[in-house]
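# A look at the structure
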Amino acid sequence: MAIGIVRLDNLFAVVMLSGIYSLISASLFVTLDAVDVAFTEASVGGGIATVLMLATLALTGDTEKPGKGHLQILPLAVVVLTGALLIYGTLDMPSFGDPMAPIHQHVAPRYIEEAPRATGIPNIVTSVLASYRGYDTMGELTVIFTAGIGVILILGARRRRDD
Amino acid sequence: MMDIPGLYNYWIVIVLMMTGFYVVIARGNLVKKIVGLNIFQTSVFILYITMGKVEGGTAPIVVEGADVIYSNPLPHVLILTAIVVGIATTALGLALIVRIKEAYGTVEEDEIFAKDESA
C-alpha cells in the first residue's frame, strides 16, 4: 500500500490509497485494543484528511510531473541508513505484548485501578483524556484553533486580493 | 533476555516510517509530501499503540465484576490527541499548498525553485 503511494504519479489514486491505508491502520488499532483511537483514525485520518486532500487536488491538479518514478540514490541511502539505526535502537526494547514492559509500570496501573471509581466513567481512555489530562486536551484544542485561524488567514488573503 | 522475534512490531513501524520519510525527501510534489508525512505520522501512532498492548489484554473499558487484564490506556489517550493535532497540521499544510499553487502556478518543488531563480 505505502509502496504504491511512493510509485504512483496519479495523485488522485495516491490520496485514495492513503485513505485506505488509514482505514487499515484503524482496524489494526481495534485488534490492538485501542478502540477509541480506531474511531478517531477512521473518521479523521480516513475521512477528513481524504476530503481535505481531494479539495486540494481539485485546486492544484491531480497529476504529478512524470518522469520521476525511478529511485533516487541519495534519499534512498539516507532512508536506509536511518532505518538501520532505528532497528539497532529497537534491540533493547521490551518485546511485543510483554506485561512487564516499563510502559505498564508507571502511572497506567493507577489509572486502571482508580479511574472508574474516581470519575465514574467506565471507559478509562475517556476518563484519562477528560479528567486526568484535561489540560492536555485543552492544549490540543488550542492547537486546532490556531490551525483553523491559520487556514482561514492563508486562504482568506486570496479572496481579499481577488476582490 | 533479548527476544528478536518479539520485536517485529517495531520493525513494521520502522519500515512504514522510512517509506513515509522517503516520500517526503525524494518526491518533488508537495501534495505527495503531505501524504508521505501522514504515512510517517500513522507509523508513530502504531508504535505507541503496539507498546500499549498487553498479551491477553482487552480494551480499557471496565467490565464490572470480572477479572480482566486491560491494555495500557495511556498511549491511547496520547495518540487520540496526536491524531487530532496531525489533522490540524495537515490542513495547514494543504492550505499553504493551495496558496503556493496560486502564487507560482505549480506544486512541483523544482519548478518553484526555477521560478525563484529567474525572478
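Up top you'll find the structure we're talking about.
Quick summary incoming for the structure in this document. These figures come from a predicted structure and were not determined experimentally. (Residues numbered from 1 in each chain as written. Chains lettered and ligands numbered in written order. Predicted model: local features only at pLDDT ≥ 70, side-chain atom pairs only at ≥ 80, totals over all residues. Heavy atoms only, no water.)

## So, the overall build of chain B
For chain B, the count of helices and strands is four helices and zero strands. Scanning chain B from its N terminus toward the C terminus, one meets helices and strands in the order α-α-α-α. Evaluated residue by residue, chain B yields a buried proportion of 55% over its 119 residues. Contacts in chain B between residues far apart in sequence, at least 24 positions, make up 45% of those at least 6 positions apart. (Helix = DSSP H or I, 4+ residues; strand = E, 2+ residues; numbered from the N terminus. Buried < 20%, exposed > 50% of the residue type's maximum accessible area, 1.4 Å probe, protein only. Contact = heavy atoms within 4.5 Å.)

## Things to note about empty space enclosed by the protein
Scanning the model with the defined rule gives two cavities of 30 Å³ or more in all. There is about 180 Å³ of room inside the largest cavity. Around the largest cavity, the lining comprises 19 residues; the ones closest to its centre are Ser-22, Gly-45 and Ala-49 of chain A together with Asn-38 and Gln-41 of chain B. Elements represented by at least two residues in the lining of the largest cavity include exactly helix H2 (11-31) and helix H3 (35-60) of chain A together with helix H2 (30-52) and helix H3 (73-104) of chain B. Its residues assigned to classes, the lining of the largest cavity shows nine nonpolar, nine polar and one charged. (1 Å grid on protein atoms, 1.4 Å probe; cavity = no way out; pocket = protein on both sides within 12 Å on 5 of 7 lines; lining within 4 Å. Points joined across faces, edges and corners; volume = space filled by probe spheres on them. Nonpolar A, V, L, I, M, F, W, Y, C, P; charged D, E, K, R; others polar.)

## A closer look at H3 of chain A
Between its first and last C-alpha atoms H3 of chain A spans 36 Å; for 26 residues at 1.5 Å apiece the expected length is 38 Å, and the two agree. Roughly 30° is the biggest bend found in H3 of chain A, and it falls at Glu-41 of chain A. (Expected span 1.5 Å × (residues − 1). Bend = angle between axes of the 7 residues up to and from the residue.)

## Structural notes on the packing of helix H4 (residues 73-90) of chain A against helix H1 (residues 8-26) of chain B
Running from N to C, H4 of chain A and H1 of chain B point in directions that differ by 155°, and their axes come no closer than 9 Å. In terms of orientation, H4 of chain A and H1 of chain B fall into the roughly antiparallel class. Here H4 of chain A runs over H1 of chain B; the crossing is right-handed. Of the residues in H1 of chain B, those in contact with Pro-75, Leu-76, Val-78, Val-79, Thr-82, Gly-83, Leu-86, Ile-87 and Thr-90 of chain A of H4 of chain A are Tyr-10, Trp-11, Ile-14, Met-17, Met-18, Phe-21, Tyr-22, Ile-25 and Ala-26 of chain B. Looking at the contact of H4 of chain A with H1 of chain B residue by residue, the classes come out as 15 nonpolar, three polar and no charged. (Axes fitted to C-alpha atoms, helices over the stretch in contact; angles between N-to-C directions. Parallel < 35°, antiparallel > 145°, perpendicular 65-115°, else oblique. Left-handed = near helix turned anticlockwise from the far one by under 90°.)

## As for the interface of chain A and chain B
Tallying the contact residues gives 80 residues for chain A and 77 residues for chain B. Buried area between chain A and chain B, summed over both chains or domains, comes out near 7200 Å², and the portion from carbon and sulfur atoms is 74%. Inspection of the chain A/chain B interface yields zero salt bridges. Here chain A and chain B share three residue pairs in polar contact (both at pLDDT 80 or more) between them. When contributions to the side of chain A that touches chain B are tallied by element, the ones reaching two or more residues are helix H1 (2-7), H2, H3, H4, helix H5 (108-119), helix H6 (124-132) and helix H7 (134-162) of chain A. Top element by residues in the side of chain A that touches chain B is H3 of chain A. It accounts for 14 residues. Of the residues that constitute the side of chain A that touches chain B, the class distribution is 50 nonpolar, 18 polar and 12 charged. (Buried area = accessible area lost by both parts, 1.4 Å probe. Salt bridge = Lys/Arg side-chain N within 4 Å of Asp/Glu carboxyl O. Polar contact = N/O pair within 3.5 Å; in protein donor to acceptor, adjacent residues only side chain to side chain.)

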